[in-house]
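# A structural walkthrough
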Amino acid sequence: MQAGQSSRSRSAKASSRGGLASVARLVKLGRCKNVLVVAGAGISTASGIPDFRTPGTGLYANLEKYNIPYPEAIFNIDYFSNDPQPFFSLAKALYPGRHRPNYIHYFIRMIHHKGLLLRMYTQNIDGLEKLCGIPDDKLVEAHGSFATASCHLCYTPYPSEEAKNAIMNDDVPICTFCAATVKPDVVFFGEDLPQKYFLHTNDFPKADLLIIMGTSLQIEPFASLVNTVRAAVPRLLLNRHAVGPFQKVPLRRGDYMELGNMEDTVRRFAEMLGWSHEIEDLMRSQETGCVPTLMSSLPAVTAQTTCWNTEDSEPQCSMETSKSRPAAPRAASSGSEETDSETDSKSSASSTPSN
Ligand code: CNA
């Protein structure tokens, strides 16, 4: 067992070593012109925002003060319906405005600047991708954001600034149409994913490089996206530890991973690509110049996909499908929103949730 473990870690190290350089070489050779980035909370920990699952510092390890029966309840739409206070308390800390994009966000922006970014798919709800200047048409916020708000029952849009003010003042924003509780359009477990998420059906077959950053790949259907690029397409995982298909030893041919602190890794990657100075300049100009506002109104979303947690076995899928949004109010608005559900499942009506 001991021997097995050490050979496993040797394999992981070996596959990790040289992974960055191999991918940097492909980029420099001009072989990667349609790069997809799939990201999670780990790209924002360097901005001071805790992720979900890191032991000790992750949100799930620090929820005692919210007095909830289990960690994921805080993002469970049924739980919210009965008691919105735990989520609103957390939302006060998560609302955009207190955090700045970090080097990793600007690295992704640089991929776009070089004309190589096909799309970034993020699970994050912190709005830092937009804040660092990644344009809306290059970004899919698969689990929604705080930029818009709506009724959690009838989906009637609600002014996002008013929702924020209410939540910040410990008030409950109330729907003007049905009097149910309003929430920011962050996708909860049991809610649908935004329409924009479905861009993946065109994007992933087109990709020539997939970079996966800072996610535990635990929430479906998002996690399975990484399996939908063509078999020959290189996939690079940047994370603290191996996740999803990268846990399999040996790795698939064309899979690379670089494990460790991501900001350090990304700085090394940028160095290999010869992008370091440009990124520093970009950061300086963006942070001192005019920054796009986070609370600009994003179009509301029509959701057809629900999310679920791969750690949970089955219950989420049915939970999700039972909660489709009423068509009328959502259809009236355009845009993209997303939520997380406790089951960690966000599903699409057209796609079968995998478990
Ligand atoms: P997660 O399950 O917490 O996984 C994060 C991953 O990132 C883990 O594998 C960590 O080991 C890794 N990681 C964290 N910090 C670093 C670091 N500095 N260097 C290298 N690796 C690191 O979070 P996921 O994103 O996978 O889960 C999806 C959820 C999290 C989404 O629905 C989000 O809405 C939700 N979330 C978002 C934010 C945010 O917007 N910043 C924060 C917390 C949770």
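For the structure itself, consult the block above.
Below you will find a few notes about this structure. (Residues numbered from 1 in each chain as written. Predicted model: local features only at pLDDT ≥ 70, side-chain atom pairs only at ≥ 80, totals over all residues. Heavy atoms only, no water.)

## Some words on the packing of helix α2 (residues 19-28) against helix α9 (residues 262-273)
Threshold: What counts as an axis is a line fitted to C-alpha atoms, over the stretch in contact for a helix, and the angles between N-to-C directions run from 0 to 180 degrees. Numbering of helices and strands runs from the N terminus; a helix is a DSSP stretch of H or I covering at least four residues, while a strand is a stretch of E covering at least two. Oblique is the label for any angle not under 35 degrees, not over 145, and not in the 65 to 115 range, which are roughly parallel, roughly antiparallel and roughly perpendicular in turn. Here a crossing is taken to be left-handed if its near helix is turned anticlockwise relative to the far helix by less than a right angle, and right-handed if that turn runs clockwise. When checking whether two residues touch, look at their non-hydrogen atoms; a contact exists if any pair is within 4.5 Å.
Remark: α2 packs on α9, axes separated minimally by 9 Å, with the N-to-C direction vectors making an angle of 40°. One way to sum up the angle between α2 and α9 is to call them oblique. Considering the relative orientation of α2 and α9, their crossing is right-handed. Packed against α2, whose contacting residues are Leu20, Ala21, Val23, Ala24, Val27 and Lys28, the element α9 presents Thr265, Arg268, Phe269, Met272 and Leu273 at the interface.

## Brief notes about the packing of α9 against helix α10 (residues 276-288)
Geometry of a packed helix pair, given as the angle between the helix axes and the separation of the axes. Our working rule: Ten residues, namely Ala, Val, Leu, Ile, Met, Phe, Trp, Tyr, Cys and Pro, are considered nonpolar, four, namely Asp, Glu, Lys and Arg, are considered charged, and the remaining ones, Gly among them, are considered polar.
Where α9 contacts α10, the two axes come as close as 7 Å, and the packing angle between them is 120°. In terms of axis orientation, α9 runs oblique to α10. For the pair α9 and α10, the contacting residues are Arg267, Ala270 and Glu271 in the first and Ser276, Ile279 and Glu280 in the second. Taken together, the residues of the contact of α9 with α10 sort by class into two nonpolar, one polar and three charged.

## Brief notes about the nonpolar core
What counts here: For our purposes a nonpolar core is just a set of buried Ala, Val, Leu, Ile, Met, Phe, Trp, Tyr and Cys residues, chained together by side-chain atoms within 4.5 Å. Each residue is placed in one exposure class: buried if its accessible area under a 1.4 Å probe, protein chains only, is under 20% of its type's maximum, exposed if it is over 50%, and partly exposed if it falls in between.
Within the largest apolar cluster, 37 residues are counted, with the highest numbers of intra-cluster contacts made by Val37, Ile211 and Met213. If you list the elements that add at least two residues to this core, you get α2, β1 (35-39), α5 (103-113), β2 (117-122), β7 (209-213), β9 (235-239), α9 and α10. At seven residues, α5 tops the list of elements feeding residues into this core. Setting aside anything within four residues of it in sequence, one finds Met213 in contact with Val37, Val38, Ala39, Gly40, Ile43, Ile104, Ile108, Leu238, Met262 and Val266. Grouped together as the second largest cluster of nonpolar side chains are 35 residues, Leu59, Ala73, Ala149 and Tyr158 included.

## Re the pattern of salt bridges
Our working rule: Salt bridge, as applied in this entry: a Lys or Arg side-chain nitrogen positioned within 4 Å of an Asp or Glu carboxyl oxygen.
The tally for this structure, following the rule as stated, stands at 14 salt bridges. Residues Lys114 and Glu278 are paired through a salt bridge, measuring 2.7 Å at the closest nitrogen-oxygen approach. Pair noted here: Lys114 is in the loop between α5 and β2 and Glu278 is in helix α10, with a separation of 164 residues, a long-range link. We classify Lys114 as partly exposed; its relative accessible area is 32%. Note that Arg119 and Asp203 form a salt bridge whose closest N and O atoms lie 2.8 Å from each other. Here Arg119 is found in strand β2, whereas its partner Asp203 is found in helix α8 (residues 200-206), with 84 residues between them in sequence. Comparing Arg119 with Asp203 shows no difference in burial state: the two are buried.

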